[in-house]
Amino acid sequence: MQRLLQLKARINQAAERAGRDPDSIRLLAVSKGHDIDRIRALARAGQTCFGESYVDEAMAKCQALSGQGLEWHFIGPIQSNKTRHLAECFDWVQSVDRLKIVRRLNEQRPSQLPPLNVLIQVNLDAEHQKAGCEPDVITELAAAIAAAPRLRLRGLMAIPAQRESAEQQYAGFVRLRQLFDALAARFAGVDTLSAGMSGDLEAAIAAGSTMVRVGTDLFGARA
Ligand SMILES: *Cc1c(COP(=O)(O)O)cnc(C)c1O
C-alpha cells in the first residue's frame, strides 16, 4: 500500500516539524465513495479506523466487514431519522451538532455495546452550508453528552473554511484548538481533536490535531 506509507510519512514529517510525537496523531481513512475491496486492502495493510459520510453506504460496508476489528466513524451530516443506524453500527459519531441528536443517540445506543464515542462538530466560520454548531453552544452540548450514560464525550471535529494562505489556514486551526483546550479543561475524558484533511493536514497538526481524516490522498479522487 504505497499511498498509505506515503501518507504516514507525510503525517510523521508534519509531527516532527511541530515538535510532536507522531503516535499522538491518529489517521482516519475516509472511505466514502470507495468500495469494500479498497477498504479490505487497507485493513490488511494495518489501517483500522475508517470514516464514512453517508448512512446507507456506510451500513453496507460495516455489515460486510463486521468482526474484523475495524473501528467505524461517522463524519457526515446527521438526519435525525437515521440516528438509530448510527447508534447501532458505529464506534464513533464525529458530527454531533444539536441536542436532539444527543438525545436520540443516547436512547438508541444498544445496551450490549460500549458507550458511543462522540465528537461535537463545530462550524468555526459560520458557513451556513456546513453542518456543525456555533462555538458558543459547545458547552451546552458537551454537558448533555457528558450526562448521557450511553455516550462518551471525546472532543471536537471541524472542517475550517478553505483559506488562501497557509498562515490563514493555521490561524483557523488555532482557534479550534483553543475551543478544544477550553472543553478539555471542563470535561473529563476529552482527548480528541479531529481536524485536517488531504489538503491541510500539516496546518492542523501544527495547531494540535490528534486525528486527521484523509480520503483523497489515500484512495485517490472520488467518483
Ligand atoms: C470527505 C471528508 C474528508 C476527507 O476529505 P479529503 O479531502 O478527501 O481528504 C474529511 N472529513 C470530512 C468531514 C469529509 O466529509
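Located above this text is the structure these notes cover.
Residues numbered from 1 in each chain as written. Predicted model: local features only at pLDDT ≥ 70, side-chain atom pairs only at ≥ 80, totals over all residues. Heavy atoms only, no water.

Draft legend 1. Structural view of the packing of helix α2 (residues 36–44) against helix α3 (residues 55–64). One can describe the packing of α2 onto α3 by two numbers: an axis separation of 11 Å at closest approach and a directional angle of 50 degrees. Taken as axis vectors, α2 and α3 run oblique relative to one another. The hand of the α2/α3 crossing is right-handed. Counting all contacts with α2, which are made through I36, I39 and R40, the residues of α3 involved are A60, K61 and A64. Tallied by class, the residues present in the contact of α2 with α3 amount to four nonpolar, no polar and two charged. (Axes fitted to C-alpha atoms, helices over the stretch in contact; angles between N-to-C directions. Helix = DSSP H or I, 4+ residues; strand = E, 2+ residues; numbered from the N terminus. Parallel < 35°, antiparallel > 145°, perpendicular 65-115°, else oblique. Left-handed = near helix turned anticlockwise from the far one by under 90°. Contact = heavy atoms within 4.5 Å. Nonpolar A, V, L, I, M, F, W, Y, C, P; charged D, E, K, R; others polar.)

Draft legend 2. Seen up close, the packing of aromatic side chains. Summed over the entire model, instances satisfying the criterion amount to two aromatic pairs. Here the aromatic rings of F50 and W72 are separated by 5.8 Å at their centres, their planes lie at 35 degrees, and the arrangement is tilted. Here the residue F50 occupies a position in strand β2 (residues 49–52), and W72 occupies one in strand β3 (residues 71–74), the gap between them amounting to 22 residues. With relative accessibility at 0%, the residue F50 sits in the buried group. Taking relative accessible area as the criterion, W72 reaches 4% and is therefore assigned buried. Aromatic side chains F74 and F90 sit 5.4 Å apart centroid to centroid with 80 degrees between the ring planes, which places their arrangement in the edge-to-face category. (Phe/Tyr/Trp six-rings, centres within 6.5 Å; stacked < 30°, edge-to-face > 60°. Buried < 20%, exposed > 50% of the residue type's maximum accessible area, 1.4 Å probe, protein only.)

Draft legend 3. Seen up close, the site of the ligand. Around the ligand, the neighbouring residues are V30, K32, S53, I75, I159, M197, S198, R213, V214, G215, T216 and R222. R213 places a side-chain nitrogen or oxygen 2.8 Å from a nitrogen atom of the ligand. With respect to the ligand, the side chain of T216 contributes an N or O atom lying 2.5 Å from an oxygen atom. When the ligand is considered free in solution it has 390 Å² of accessible area, and contact with the protein chains removes 88% of it. By residue class, the composition of the shell around the ligand is five nonpolar, four polar and three charged. (Near = heavy atom within 4 Å. Polar contact = N/O pair within 3.5 Å; in protein donor to acceptor, adjacent residues only side chain to side chain. Areas by Shrake-Rupley, 256 points an atom, 1.4 Å probe, with all protein chains shown as cover.)

Draft legend 4. Representation of the pairing of strand β6 (residues 151–158) in the model. With respect to burial, β6 is a largely interior element, seven of its eight residues being buried. Pairing of strand β5 (residues 116–122) with β6 involves seven bridges; the strand directions are parallel. Opposite L116, over in β6, you have L151 as the bridge partner. With helix α6 (residues 138–146) bridging β5 and its parallel neighbour β6, the resulting β-α-β unit is right-handed. Each parallel crossover has a hand, and the one from β6 via helix α7 (residues 166–186) to strand β7 (residues 192–194) is right-handed. (Pairing = 2+ DSSP bridges. Right-handed = clockwise from strand over helix to strand, strands pointing away.)

Draft legend 5. How the structure looks around the pattern of salt bridges. Under the counting rule described, the total for this entry stands at 14 salt bridges. Notably, a salt bridge pairs K61 with E52, separated by 2.9 Å at the nearest N-O pair. Judged by relative accessible area, which is 5%, K61 ranks as buried. Residue E52 is classed as buried on the basis of its relative accessible area, which comes to 0%. In this structure, E57 engages K61 in a salt bridge whose closest nitrogen and oxygen atoms are separated by 2.7 Å. Note that E57 and K61 are positioned in helix α3 at a spacing of four residues, about one turn of the helix. On the basis of relative accessibility, which here comes to 25%, the residue E57 falls in the partly exposed class. If you follow the salt bridges from partner to partner, you end up with R10, E202 and D217 in one network. (Salt bridge = Lys/Arg side-chain N within 4 Å of Asp/Glu carboxyl O.)

Draft legend 6. Layout of the pairing of β2. In β2, alternate side chains face the same way, and those of C49 and G51 on one face and F50 and E52 on the other are all buried. As judged from the two bridges shared by strand β1 (residues 26–30) and β2, these two strands associate in the parallel manner. Opposite V30, over in β2, you have G51 as the bridge partner. Bridge analysis of β2 against β3 gives four bridges, and the strand direction is parallel. When the bridges of β3 are listed, F50 appears paired with W72. In terms of handedness, the path from β2 via α3 over to β3 forms a crossover that is right-handed.

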